[in-house]
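Remarks on the overall topology
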Amino acid sequence: MKTKYITATIILAVVSSIAWWPFSAPTGRIDLINQWGKSGGGPGEFNEPMGIAVDMDGNVFVADARNSRVQKFTHEGKFILQWGTSGDKDGEFGKPVGVAVDGEGFVYVSDYDINRIQKFSPEGKFIGKWGKSGDGPGEIAVAAGIHIDRKMKALYLADFYNKRVEKFSLDGKFISQIGASGRVLSGKLHYPTDIYTDAESNIYVADAYNNRIQKFDSNGKYVAKYGGFLGMGIPGKGKGTFRVPSGVAVDEKSIIYVADSANQRVVALSNTGGFLAELPIKETSGLFSPTRVAIGINGTVYAVDTANDRILILKYHKSIATN
């Protein structure tokens, strides 16, 4: 009898630690504040935008993948400058899909086609590069999303086909690997696409084809997973499930934002993974395929709507209880 009680207590503790309540009511809302961009190759236009990052001044950088360039905007979406052209030479791109900015304003761009990361000045001047194809330490098999932990001065790369996250110094030296190929089990990754770090340097991974978000500590040790029953990543459209979540970001209040791509929505989660709100496809947003998200100034959130060639400015509002 005592054994049954202990077993039941352990099960309850485990289930309680998984912030997954698929039928819970929203505790807030996500509003569409503004948007910019349209299809094309001119300034401020896009052809499959993917990566997005915000610098310390609130400027927004977008990896304009099919135009083989990076564009820089004000926080409101006013075009500032662009750089890059198609090619494999220094400063050129095959398919740039990830962008990140360090604390000094240097810009880093990951290239899906060429399996490398390039470093630029804030004005787009080429500074350096690293990476080559392979599955060894520091090697890459399709460079996907990147993110810089400014506190730790480290760059994280979603190494897509190697099904792992790699950690580098800002001069390109390999530091460590986070996660390994696998399904269901904690810490296992299946085609990760994006990474983000919070104020404590915890690492959040968009484990896209496991249909979940995984959290690791600053040393790369598994902490938690969110998405489906017990975080096992069973795909779905409910409030506790995802379908190919391809982008993740965390704000200063530890709210987790997810670009739930195949469900055509952006989702907000609590710092324990509980559902808070969503912005689904509808007439007011036209949201079709959000692939990446980033945190801006004054609580704004940017979402890249790749299929519609535009950037959305969003904001989460916590609901106020009323009697």
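Residues numbered from 1 in each chain as written. Predicted model: local features only at pLDDT ≥ 70, side-chain atom pairs only at ≥ 80, totals over all residues. Heavy atoms only, no water.

This brings us to the overall build of the chain. Within the chain one finds 1 helix and 26 strands. Compactness check: the chain gives a C-alpha radius of gyration of 19 Å against a globular reference of 20 Å for 323 residues, within 12% of the reference. Principal-axis analysis of the C-alpha atoms gives the chain an extent of 70 × 50 × 30 Å. Buried residues in the chain amount to 57% of all 323 residues. Long-range contacts, defined as pairs at least 24 residues apart, comprise 46% of the intrachain contacts of the chain with a sequence gap of at least 6. Put simply, the chain shows about 14300 Å² of open surface, and 54% of that area lies on carbon and sulfur atoms. (Helix = DSSP H or I, 4+ residues; strand = E, 2+ residues; numbered from the N terminus. Rg over C-alpha atoms; globule rule 2.2 N^0.38 Å. Buried < 20%, exposed > 50% of the residue type's maximum accessible area, 1.4 Å probe, protein only. Contact = heavy atoms within 4.5 Å. Areas by Shrake-Rupley, 256 points an atom, 1.4 Å probe, with all protein chains shown as cover.)

Next up on the list: the nonpolar core. Counting residues in each nonpolar core, the largest one holds 32 residues, and the members touching the most others are Ile 30, Ile 256, Tyr 257, Leu 314 and Tyr 316. Counting 13 residues, the second-largest nonpolar core is a separate cluster that includes Val 142, Ala 158, Ile 203 and Val 205. (Core = buried A, V, L, I, M, F, W, Y, C linked by side-chain atoms within 4.5 Å.)

Attention now moves to the sheet that holds strand S25 (residues 300-305). The strands that make up a sheet pair up through hydrogen bonds in the backbone, lying either parallel or antiparallel. Strand order in this open sheet of 4 strands is S1-S26-S25-S24, and the pairing throughout is antiparallel. Unpaired on one side and paired on the other, strand S1 (28-36) and strand S24 (290-295) mark the two borders of the sheet. Adjacent strand axes in the sheet meet at a mean angle of 30° when their direction is disregarded. Relative to strand S26 (residues 310-318), S25 is paired through 6 bridges, and the arrangement is antiparallel. In the strand pairing of S26, Val 301 is matched with Leu 314. (Pairing = 2+ DSSP bridges. Axes fitted to C-alpha atoms, helices over the stretch in contact; angles between N-to-C directions.)

All right, on to the side chain of His 190 then. Examined against the element boundaries, His 190 turns out to sit in the loop between strand S15 (188-189) and strand S16 (194-197). Residues contacting His 190, with those up to four places away along its chain left out, are Lys 163, Gly 182, Arg 183, Asp 207, Ala 208, Tyr 209 and Asn 210.

Let's shift gears to unusual backbone geometry. The phi dihedral of Ser 254 is positive, around 70°, even though this residue is not glycine. Considering the arrangement of structural elements, one finds Ser 254 in the loop between strand S20 (245-250) and strand S21 (256-260). The backbone of Asp 309 shows a phi angle near 50°, a positive value even though the residue is not glycine. The residue Asp 309 is located in the loop between S25 and S26 in this model.

As for its position among the elements, Gln 214 is in strand S18 (residues 212-216). Reaching out from Gln 214, the side chain makes a polar contact with the backbone nitrogen of Gly 187 at a distance of 2.8 Å. For Gln 214, the side chain forms a polar contact with the main-chain oxygen of Lys 188, separated by 2.6 Å. Ignoring anything within four residues of it in the chain, the contact list for Gln 214 reads Ser 186, Gly 187, Lys 188, Leu 189, Ile 203, Tyr 204, Val 205, Asp 207, Tyr 222, Ala 224 and Lys 225. (Polar contact = N/O pair within 3.5 Å; in protein donor to acceptor, adjacent residues only side chain to side chain.)

The element S18 is extensively covered by neighbouring structure, given that 5 of its 5 residues are classed as buried. Here 5 bridges tie strand S17 (residues 203-207) to S18, and the two strands are oriented antiparallel to one another. When the sheet's bridge partners are listed, Asp 207 is paired in S18 with Arg 212. Counted between consecutive antiparallel strands, the loop separating S17 from S18 contains 4 residues, among which Asn 211 sits at a positive phi close to 55°. Sheet topology places S18 next to strand S19 (residues 222-226); 4 bridges connect them, and they run antiparallel. Across the sheet, residue Ile 213 finds its bridge partner in S19, namely Tyr 226. Between S18 and S19, which follow one another and run antiparallel, lie 5 residues, and Gly 220 among them has a positive phi close to 85°.

Attention now goes to the sheet that holds S16. The sheet built from 4 strands is open, its strands ordered S16-S17-S18-S19 with antiparallel pairing. What marks the edges here is a single partner per strand, and that holds for S16 and S19. On average, adjacent strands in this sheet sit at an angle of 20° to one another, irrespective of strand direction.

This brings us to the layout of surface pockets. Roughly 960 Å³ of volume is contained in the largest pocket. What lines the largest pocket is a set of 43 residues, and nearest its centre among them are Tyr 196, Val 250, Asp 251, Glu 252 and Ile 295. For the lining of the largest pocket, the elements supplying multiple residues, two or more each, are strand S2 (49-54), strand S6 (96-101), strand S10 (143-149), S16, S24 and S26. Among the elements that line the lining of the largest pocket, the one with the most residues is S10, at 5 residues. The space that makes up the second largest pocket amounts to roughly 350 Å³. Surrounding the second largest pocket, 16 residues form its lining, Met 50, Thr 193, Tyr 209, Ser 246 and Arg 292 being those nearest its centre. Here the residues of the lining of the second largest pocket are counted per class, giving 8 nonpolar, 5 polar and 3 charged. (1 Å grid on protein atoms, 1.4 Å probe; cavity = no way out; pocket = protein on both sides within 12 Å on 5 of 7 lines; lining within 4 Å. Points joined across faces, edges and corners; volume = space filled by probe spheres on them. Nonpolar A, V, L, I, M, F, W, Y, C, P; charged D, E, K, R; others polar.)

This part is about a nonpolar patch on the surface. On the surface, a nonpolar cluster with roughly 440 Å² of combined accessible area is contributed by Val 184, Leu 185, Phe 229, Met 232 and Ile 234. Tracing the backbone through its elements, the reader meets Met 232 in the loop between S19 and S20. (Patch = residues over 30% accessible without salt bridge, like charges linked within 9 Å, V, L, I, M, F, W, Y side chains within 5 Å. Salt bridge = Lys/Arg side-chain N within 4 Å of Asp/Glu carboxyl O.)

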